[in-house]
Amino acid sequence: MMTKQASATNVVSLRQGFLPRHREYLTRWLEAGACMGLCDADISDHNDANEPDIEHVLVWVRENAKPAYMVRPEGMGWVLVDQIRDRQLATYSSFEAALHAIRPVLAHGATVAA
């Protein structure tokens, strides 16, 4: 018979992370979007003191000096957050789709091999 304590240790939280292909795609996306107001992006693992550190991408656009968007993994999806208004916009099935929602500068589905 399995105890609750033993079964609880078998639970593995599922969370995606940033792979080399995500970093490569982010670089290509920024270069392609420079003419559409994309300025910079940073992959970071630092959040506010109240939240656990979760790797995420902050995106700056020409219109604002503060980061305009954040993309972070959540479960099997990628959450797009409006950083200026501090509100979640949508959840996407891929990192590329979340960036495409910010600025559609690369062909949708143009992924990089892992």
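Quick note: structure is the one above.
Residues numbered from 1 in each chain as written. Predicted model: local features only at pLDDT ≥ 70, side-chain atom pairs only at ≥ 80, totals over all residues. Heavy atoms only, no water.

**So, the overall build of the protein chain**
No. 1: Tallying secondary structure elements over the protein chain gives 3 helices and 5 strands in all.
No. 2: The order of helices and strands in the protein chain, counted from the N terminus, is α-α-β-β-β-β-β-α.
No. 3: In the protein chain, 39% of the contacts between residues at least 6 apart in sequence involve partners at least 24 apart. (Helix = DSSP H or I, 4+ residues; strand = E, 2+ residues; numbered from the N terminus. Contact = heavy atoms within 4.5 Å.)

**Concerning the sheet that holds strand 3 (residues 69-74)**
Note: strands within a sheet are paired through backbone hydrogen bonds, in either parallel or antiparallel orientation.
No. 1: Strand order in the open sheet made by the 5 strands is 1-2-3-4-5, with antiparallel pairing throughout. Each of the sheet's edge strands pairs with one partner strand only, and the pair in question is strand 1 (38-44) and strand 5 (87-92). The mean angle between the axes of side-by-side strands here comes to 20 degrees, regardless of whether they run parallel or antiparallel.
No. 2: Bridge analysis of strand 3 against strand 4 (residues 77-82) gives 6 bridges, and the strand direction is antiparallel. Bridged to Tyr 69 within strand 4 is Asp 82.
No. 3: Each of strand 1, strand 2 (56-61) and strand 4 touches helix 2 (residues 20-33); the most contacted strand, strand 1, lies at about 165 degrees to it. (Pairing = 2+ DSSP bridges. Axes fitted to C-alpha atoms, helices over the stretch in contact; angles between N-to-C directions.)

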